[in-house]
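Architecture and fold: a report
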Amino acid sequence: MAEPHNPPPQRSESREIAELRRLKQEQPDLGSAVDLQIELLQLQRRVQTRVSLPSIRLDRDYLNEQLTKPPVLRFEHLPLDWGDVRFVLRSTASAMRTHDAIDSDDFRRVDALCRNGARLPVVVKSWYEAAGNPAANIHADGAGLEPVLLQAMRPFLTKAAEAIMAKTDLAGWTKGTCPLCGGEPDFAVITPAAERILICGRCSARWRFHQLTCPFCMNADRTRMTSFASRDGQYRIHACDVCQRYLKAYDARHASRPVMPTVDGVATLPLDAAAMQRGYK
Ligand SMILES: [Zn+2]
Ligand SMILES: [Zn+2]
């Protein structure tokens, strides 16, 4: 796609980017991760302004009824302009390569994929549909490129999820995976009412989930869940001693701002290291 001219400034963008810059000042060790995140955010916002609404009926009763046969958002509902997809995929890979977040082999594989007009839609569709479906696999040409695809597809998925979430609060959903796209949560927020809201790592949809159940394996045995806070008390980790996986949460009970997954994901990189040191993944 052509470089868009002067995209309209977005409040949430400037606020997230301001928080990221502040984070870099406070924790210079996170500098490269912050710079990458800012580049990705700017790129995603620019593309997102061009994405149209998903081709799904945006009506509350219809959407709530779809919760009985998830995922609500099918690949066919995504209004993908393949020129835009190629642009954002290439730019994402290039930013990630600059910050050493992918190796040169994977960078070349993304480039080859973008040149193959017939293969690209097949790979992207297989990536989308592999989430939450143990019987489905990502196409071999996309295997290993999931982190790039996740970032590149974000403008399309988040736009669709925002449109759906404006119509339904997904209150009927009690599972650990995303009702909209089938993805896994990659962050959570603890509300002032001490409820835990999970946030999808792909489309950013949010849904309420039991405070002490593992969303990955549904283990609900409290004696086999470990929870610990960051030193400043701003973040918590809920780790599962059955599947060994963990989820980070922003504790909004004493917070000065709302959760910002893109910012909080980078701010909690040291917490990831602590969780991994304890043997969680
Ligand atoms: Zn999702
Ligand atoms: Zn578990």
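Calculation notes
- Residues numbered from 1 in each chain as written.
- Chains lettered and ligands numbered in written order.
- Predicted model: local features only at pLDDT ≥ 70, side-chain atom pairs only at ≥ 80, totals over all residues.
- Heavy atoms only, no water.
- Buried < 20%, exposed > 50% of the residue type's maximum accessible area, 1.4 Å probe, protein only.
- Helix = DSSP H or I, 4+ residues; strand = E, 2+ residues; numbered from the N terminus.
- Pairing = 2+ DSSP bridges.
- Contact = heavy atoms within 4.5 Å.
- Donors = N, O, S within 2.8 Å, 3.2 Å for Na, K, Ca; no water.
- Tetrahedral: all angles 85-135°; square planar, octahedral: opposite > 155°, others 65-115°.
- Axes fitted to C-alpha atoms, helices over the stretch in contact; angles between N-to-C directions.
- Parallel < 35°, antiparallel > 145°, perpendicular 65-115°, else oblique.

1. Focus on the pairing of strand β6 (residues 246–251)
It is a general feature of regular strands that their side chains alternate between the two faces of the sheet. Of all six residues in β6, six are buried; the element is thus mostly enclosed. With five bridges joining them, strand β5 (residues 235–240) and β6 adopt antiparallel strand pairing. What sits directly across from His238, in β6, is Leu247. Remark: five residues form the turn of the hairpin made by β5 and β6, two consecutive strands paired antiparallel; Gln244 in that turn has positive phi of roughly 65°.

2. With respect to the side chain of Thr158
Residue placement: Thr158 occurs in helix α7 (residues 146–165). Those residues within four positions of Thr158 in sequence are excluded, and the remaining contacts are Gln48, Arg202, Cys203 and Ser204.

3. Re the coordination of the zinc ion (ligand 2)
Taken together, Cys214 (SG), Cys217 (SG), Cys240 (SG) and Cys243 (SG) make up the full set of protein donors to the zinc ion (ligand 2), lying 2.3 to 2.4 Å away. One way to put it: the four donor atoms around the zinc ion (ligand 2) meet at angles of 103 to 115°, and that makes the site tetrahedral. The sequence pattern formed by the donor residues of the zinc ion (ligand 2) is C-x2-C-x22-C-x2-C. Residue classification places Cys214 among the buried residues on the basis of a relative accessible area of 2%. Overall, the relative accessible area of 31% leaves Cys217 in the partly exposed class.

4. Let's talk about the coordination of the zinc ion (ligand 1)
When a metal carries six donors in an octahedron, the ideal angles between them are 90 or 180 degrees, while four donors in a tetrahedron ideally lie at 109.5 degrees. The protein atoms that coordinate the zinc ion (ligand 1) are Cys178 (SG), Cys181 (SG), Cys200 (SG) and Cys203 (SG), at distances of 2.3 to 2.4 Å. Each of the four donor atoms bound to the zinc ion (ligand 1) contributes to angles spanning 98 to 120°, and the resulting shape is tetrahedral. Coordination of the zinc ion (ligand 1) draws on donor residues from a single chain, spaced C-x2-C-x18-C-x2-C in sequence. With Cys178 in the loop between α7 and β1 (185–190) and Cys200 in strand β2 (residues 196–200), this residue pair connects regions lying 22 residues apart in the sequence.

5. Details of the packing of helix α2 (residues 31–48) against helix α4 (residues 82–98)
Interhelical geometry of α2 versus α4 gives an angle of 170° and a closest axis separation of 10 Å. When the interaxial angle is binned, α2 and α4 end up roughly antiparallel. Touching Leu36, Glu39, Leu40, Leu43, Arg46 and Val47 of α2 are Phe87, Val88, Ser91, Thr92, Ala95 and Met96, all from α4.

6. Digging into the sheet that holds β5
Here six strands make up an open sheet; going across it, the order is β3-β2-β1-β6-β5-β4 and the pairing mixed. Each of the sheet's edge strands pairs with one partner strand only, and the pair in question is β3 (206–209) and β4 (225–229). For this sheet, the mean angle separating the axes of adjacent strands, direction not counted, is 30°. The sheet contact formed by β4 and β5 spans five bridges and is antiparallel. If you follow Phe228 over to β5, its bridge partner there is Ile237. Against the sheet, helix α9 (residues 269–277) makes contact with β4, β5 and β6, and its axis sits at roughly 145° relative to β6, the strand it touches most.

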